[in-house]
Amino acid sequence: QVQLVESGGGLVHPGGSLRLSCPASGFTFSGYAIGWYRQAPGKERERVAFITSTGGSTNYADAVKGRFTISRDNAKNTMYLQMNSLKPEDTAVYYCNAYRAIYDYWGQGTQVTVSS
């Protein structure tokens, strides 16, 4: 059974940091590209970060460049999103995603709220 379970969300003040984790199971994690997405109330889901299966290439949305870092540990079947210098506009539900060809797996989401 495929599982991706996000953790690490919560309430943080502007300028603060959070680290999201997403351990995966039920598929060959190292063979999948992975991404972190977010969805704010009333908005469409957007991709904020992407990393290839080997970790050799990453891509970030303009809104998070220089503040967020995506990484993966294929030995632990886990993906991460380090979020620094958080802003109120980063408030959203964050989802981890793994995909390869026709296979597309999602976690259940974790809430990140940035507020003073």
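From a predicted model like this one, the values you see are computed outputs, not experimental measurements.

Undergrad: Where do I start with the pattern of salt bridges in this structure?
TA: Close approach of charged atoms lets side chains of opposite charge pair. Following the criterion strictly, the structure yields 4 salt bridges and no others. Two residues, Arg38 and Asp90, come together in a salt bridge whose shortest N-O distance is 2.9 Å. With Arg38 in strand S4 (residues 33-39) and Asp90 in the loop between strand S8 (78-83) and strand S9 (92-100), the pair connects residues that are 52 residues apart, well separated along the chain. Judged by relative accessible area, Arg38 falls into the buried class, the value being 6%. A salt bridge links Arg67 to Asp90; its shortest N-O distance comes to 2.7 Å. Taken together, the residues span a long stretch of sequence, with Arg67 in the loop between strand S6 (58-60) and strand S7 (68-73) and Asp90 in the loop between S8 and S9 at a distance of 23 residues. Accessibility expressed as a relative area gives 10% for Arg67, which makes it buried. For Asp90, a relative accessible area of 1% translates into the label buried. Through salt bridges with shared partners, one network takes in Arg38, Glu46, Arg67 and Asp90.

Undergrad: Sorry if this is basic, but what is going on with unusual backbone geometry here?
TA: Across residues other than glycine, the phi torsion is negative in most instances, and most of the peptide bonds are trans. Its identity is not glycine, yet Asn77 carries a phi of approximately 55°, on the positive side. The exposure class of Asn77 is partly exposed, given its relative accessible area of 28%. The phi dihedral of Ser85 is positive, around 50°, even though this residue is not glycine. Residue placement: Ser85 occurs in the loop between S8 and S9. When its relative accessible area of 40% is taken as the criterion, Ser85 is described as partly exposed.

Undergrad: Just to check I follow, could you spell out the nonpolar core for this structure?
TA: Generally speaking, nonpolar side chains in soluble globular proteins are found buried as a group. The biggest cluster of nonpolar side chains holds 31 residues, and the ones touching the most others in it are Leu4, Trp36, Leu81 and Met83. Broken down by secondary-structure element, the contributors of at least two residues to this core are strand S3 (18-25), S4, strand S5 (46-51), S7, S8, S9 and strand S11 (110-114). Not counting chain neighbours up to four residues away, the residues in contact with Leu81 comprise Leu18, Arg19, Leu20, Trp36, Val48, Ala49, Phe68, Thr69, Ile70 and Tyr94.

Undergrad: Got a minute to help me understand the pairing of S3 in this structure?
TA: Within a regular strand, the side chains alternate between the two sheet faces. Across 2 bridges, strand S1 (residues 3-4) lies against S3 in antiparallel orientation. Of the residues in S3, the one forming a bridge with Gln3 is Ser25. Note that S3 and S8 share 6 bridges and pair antiparallel. Paired with Leu20 across the two strands is Leu81, which belongs to S8.

Cut-offs and rules
- Residues numbered from 1 in each chain as written.
- Predicted model: local features only at pLDDT ≥ 70, side-chain atom pairs only at ≥ 80, totals over all residues.
- Heavy atoms only, no water.
- Salt bridge = Lys/Arg side-chain N within 4 Å of Asp/Glu carboxyl O.
- Helix = DSSP H or I, 4+ residues; strand = E, 2+ residues; numbered from the N terminus.
- Buried < 20%, exposed > 50% of the residue type's maximum accessible area, 1.4 Å probe, protein only.
- Core = buried A, V, L, I, M, F, W, Y, C linked by side-chain atoms within 4.5 Å.
- Contact = heavy atoms within 4.5 Å.
- Pairing = 2+ DSSP bridges.

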